[in-house]
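# A closer look at the structure
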Amino acid sequence: MRSWLCCAALLAASSTQALAQTGSGAEPSGDADRRAAATEAAMTNAERVAMLNGILAMPLGDTKIPEGAPLGAGYIPGVPRLAVPALTETDASLGVSYLGGLRGDGATALPSGMAMGSTWSPELMRAGGALIASEAHAKGFNVLLAGGINLVRDPRGGRVFEYLGEDPLHSGLLGGAAVAGIQSRNVISTIKHFALNPTEIGRQFHNGILEEGALRMSDLLAFEIAIEQGQPGSVMCAYNKVNGAQACGNDRLLNGILKKDWGYKGWVMSDWGSVRATDFALAGLDQQSGSQLDAAVHFGAPLLDAANSDRKYRTRVADMSRRILRSIYAVGVDRNPPQKAAIDVAAGATVAQDIAEKGIVLLQNRDGILPLAASAKKILVVGGYADAGVLSGAGSSQTQGQGGPAVSLPTMKDGLFTALMAQNYHRSSPLDAIRARAPQADVSFRDGRYPAEAALAAKHADLVIVFGTQWLTEGLDAPDLSLPQGQDEVIAAVAKANPKTVVVLETGGPVAMPWQRDVAAIVEAWYPGARGGEAIAAVLFGDVNPSGRLPVTFPASVAQLPRPDLPGAETVEPSFAGHGKPGQTLDIDYNVEGADVGYRWFARKAEKPLYPFGFGLSYTSFDRSGLSVAGGAAPAATFTLRNSGARDGADIGQVYLVETPRGKTRRLVAFARADLKPGEARTVEVPIDPRLLADWTPKGWNIAPGTYRFALGASAEDLLEEVGVQIAGKTWNYTR
Ligand code: BGC
């Protein structure tokens, strides 16, 4: 069987065909421009400036939250006489956030960014985005602070679980699809945190240093692609500094690259509490968010005074408000305002489970121990609060279902942020789901507090399923890649007692697995969301054939990382807010790896990771063949994927550029996910974005003329025969 697949990846990979994914009430961008200009022209300076600062919409000190405004991340008043709606903002990419229960309601918790990234599926990202936006809409919100796509430069980063991966094409296409899905429900999406924000330590002051060419080819390229694909109404700038200037006051990033080079037409909102001065407006910031968290409402009275007396501020204030209005009209927020309604919990759970099932990655499966045989009589489940639920990451993105978490463990007392930093488990118990799937078996549970107790029980079981969790939170990085609180010892003890040990990981990102060789199987379930327990059981018992592929490299140890010692670990006091001591600084030199993030760094250093980017096993097998690359004006890769095993399954074909006239390299240039029946083959053609063949030079993107070599792979490390193609040189830049 052979068929041509004109897949979404094909559409999605086209950088030139930006998809205007807007909802029913949305309008063509030209009309949005005209309406925004007309409304803005009718406004007074006071009305304009009122749109340019928002509060954190939570009861905080003397904050007055307008009647009817939902408690959430932000509120910006509208202009009723001109029918401009107020902006009501909620976090985040994984669902409508829980705020430590403050609002008293729940929402669908999607699996983490790593889980979503492991699906390699723009379609699923779009579906997830549409779902969480419809819930935001039903809770009274018209802005979702979603779209987290910072590249994972360090697996210890506290927000790795919110992000999608380490590759700019992969994160850009998936992130853009999520934004498009959100905006299809007339809810504005952000994309964040612009830019170079891979680590939480000292997040208000650390200074990411990276030469501009490398930045354009890595972190910025992810944003550029996602913006083209999803056309987010807003971009959120980051807390940190980039090359010496605060990201939210960074003229080069905001005015130079985002607005001038890329022609971005939406607005730049600050991260909450990241505005230092009114002149950030001149650097390209359009709106101050959560202004109670800053020292002053810089975009309030001082900006109004400046606009009334200084022409350059007057011009900026007009542009700032026009940009916000344009996004309101382009996304159709005004014509389909949020309407409070009950959310469809069952529909949400279905989407969350589908993403979880396709995002779980099977890392090891010795002697085909998985899927589990129905014949196991005595199954022992250990650890991870698997009797109660599945882990989630903490911070502003924390989402919980109705009734709140099944288990909530306090962590660090940090004033206002204490509730945001609880270690919360969703009400979806893997133990219950395993019992439901194996009604004939005797399934017992040990909590894993004592390695000896778990090992003793393991001796008497036919099979052990041991859960390993790594909790991550916004605001704090992990110090290393271990499973905390002695869990590595528990797994080792259990595996020693019973070789039929299956490890299920619920981790925020990569971990080191010192027990890897001693266990039979390893399943990376990430933070699997609202129906994670059911998704895990479905994979363990083979109702679902695992198809996730790693969106990040798992290092064998921190010694392999560009910065083995976590920058700032010795000098920066852990805190959620991350302000540090007055005047404290922390430079982080990303020039070490430059654009070679993740698997590219490993390829450059010829280091062997624990598991490579793109890796994932299946209960069936695949043949990958027939790579050909067209190198002309519209470069594209064509290849064939075939299910050579006996079960239905999905493969993700990955094409890497491995050599250019400049030398060896490793870059993902195309990918496609294909569901295949046993024996079925599919030939896929995927466009290659020319920027992936190019380097950024002082003159712009540059493709050196000569031979380019590509390889189809099962991962970034497992590559088939190389194919060489002649490609003509070219240089291009942004001309606007
Ligand atoms: C986070 C943002 C979030 C904002 C509003 C900040 O602490 O960095 O991602 O959108 O809070 O809650």
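Criteria and thresholds
Residues numbered from 1 in each chain as written. Predicted model: local features only at pLDDT ≥ 70, side-chain atom pairs only at ≥ 80, totals over all residues. Heavy atoms only, no water. Helix = DSSP H or I, 4+ residues; strand = E, 2+ residues; numbered from the N terminus. Rg over C-alpha atoms; globule rule 2.2 N^0.38 Å. Buried < 20%, exposed > 50% of the residue type's maximum accessible area, 1.4 Å probe, protein only. Contact = heavy atoms within 4.5 Å. Areas by Shrake-Rupley, 256 points an atom, 1.4 Å probe, with all protein chains shown as cover. Lys, Arg positive; Asp, Glu negative; His and termini not counted. Charge placed at Lys NZ, Arg CZ, Asp CG, Glu CD. Near = heavy atom within 4 Å. Polar contact = N/O pair within 3.5 Å; in protein donor to acceptor, adjacent residues only side chain to side chain. Pairing = 2+ DSSP bridges. Axes fitted to C-alpha atoms, helices over the stretch in contact; angles between N-to-C directions. Left-handed = near helix turned anticlockwise from the far one by under 90°. Nonpolar A, V, L, I, M, F, W, Y, C, P; charged D, E, K, R; others polar. 1 Å grid on protein atoms, 1.4 Å probe; cavity = no way out; pocket = protein on both sides within 12 Å on 5 of 7 lines; lining within 4 Å. Points joined across faces, edges and corners; volume = space filled by probe spheres on them. Salt bridge = Lys/Arg side-chain N within 4 Å of Asp/Glu carboxyl O. Disulfide = S-S within 2.5 Å.

## Quick word on the overall build of the protein chain
Helix and strand content of the protein chain: 17 helices and 31 strands. Against the compact-globule benchmark of 27 Å for 736 residues, the protein chain has a radius of gyration of 25 Å, which places it among compact chains. On the principal axes, the C-alpha backbone points of the protein chain span a range of 80 × 60 × 50 Å. Counting all 736 residues of the protein chain, 65% fall into the buried class. Across the protein chain, contacts joining residues at least 24 apart in sequence account for 77% of those joining residues at least 6 apart. Per element, the accessible surface of the protein chain, about 25,100 Å² overall, is 53% carbon and sulfur. Across the protein chain, 68 positive and 74 negative side-chain charges occur, with their mean positions spaced 3 Å apart.

## A look at the site of the ligand
In the region of the ligand, 13 residues are neighbours, and Asp 91, Arg 159, His 193, Asp 271 and Glu 474 sit closest. At 2.5 Å from an oxygen atom of the ligand is found a side-chain nitrogen or oxygen belonging to Asp 91. In the complex, the protein chains occlude 93% of the 310 Å² of accessible area that the ligand would expose alone.

## What about the sheet that holds strand β9 (residues 241–242)?
If you walk across this open sheet you meet the 4 strands as β10-β9-β7-β21, and the pairing is mixed. Edge positions in the open sheet fall to β10 (245–246) and β21 (586–589), since each of these has one partner strand only. Sheet topology places strand β7 (residues 206–209) next to β21; 4 bridges connect them, and they run parallel. Paired with His 206 across the two strands is Leu 586, which belongs to β21.

## Some words on the packing of helix α6 (residues 168–183) against helix α8 (residues 219–230)
Contact geometry for α6 and α8: axes closest at 7 Å, N-to-C directions at 35 degrees. Remark: the crossing between α6 and α8 carries right-handed chirality. Packed against α6, whose contacting residues are Pro 168, Leu 169, Ser 171, Gly 172, Leu 173, Gly 175, Gly 176, Val 179, Ala 180 and Gln 183, the element α8 presents Leu 221, Ala 222, Ile 225, Ala 226, Gln 229 and Gly 230 at the interface. Considering only residue class, the contact of α6 with α8 consists of 9 nonpolar, 7 polar and no charged.

## Details of the layout of surface pockets
In this structure, the second largest pocket encloses a volume near 680 Å³. Along its surface, the second largest pocket is lined by 31 residues, and Gln 423, Thr 469, Pro 484, Gln 485 and Gln 487 are the ones closest to its centre. Of all elements in the fold, only β16 (423–426), β18 (463–470) and α15 (487–497) reach the threshold of two or more residues within the lining of the second largest pocket. When residues of the lining of the second largest pocket are assigned to their parent elements, the largest contribution, 4 residues, is made by β18. Residue classes in the lining of the second largest pocket are distributed as 15 nonpolar, 11 polar and 5 charged.

## Notes on the pattern of salt bridges
Side chains that carry opposite charge are capable of pairing whenever their charged atoms lie near each other. Here the structure, examined in full by the defined rule, presents 44 salt bridges. Measuring nitrogen to oxygen at the nearest pair gives 3.5 Å for the salt bridge that ties Glu 200 to Arg 203. In this structure, Glu 200 and Arg 203 share a single accessibility class: buried. Between Arg 203 and Glu 474 there is a salt bridge, with the nearest N and O atoms lying 2.8 Å from each other. Of this pair, Arg 203 sits in the loop between β6 (192–194) and β7 while Glu 474 sits in the loop between β18 and α15, placing them 271 residues apart in sequence. Given the relative accessible area of 4%, Glu 474 is considered buried. Each of Arg 159, Glu 162, Glu 200, Arg 203 and Glu 474 takes part in salt bridges that share partners, so that together they form one network.

## Brief notes about the state of the cysteines
Throughout the structure, instances matching the rule amount to 1 disulfide. Note on cysteine connectivity: Cys 237 is disulfide-linked to Cys 248, with sulfurs 2.1 Å apart. The sign of the S-S torsion, about 110 degrees, decides the handedness of the disulfide formed by Cys 237 and Cys 248: right-handed. Of this pair, Cys 237 sits in strand β8 (residues 234–237) while Cys 248 sits in the loop between β10 and α9 (251–261), and the two are 11 residues apart along the sequence. Among the residues examined, Cys 237 registers a relative accessible area of 0% and is labelled buried.

## With respect to the pairing of strand β30 (residues 719–727)
For strand β29 (residues 706–713) and β30, the ladder comprises 7 bridges, and the chain directions are antiparallel. Bridge assignment links Tyr 708 to a residue of β30, and that residue is Val 725. Linkage of β29 to β30, two consecutive antiparallel strands, is achieved through a turn of 5 residues.

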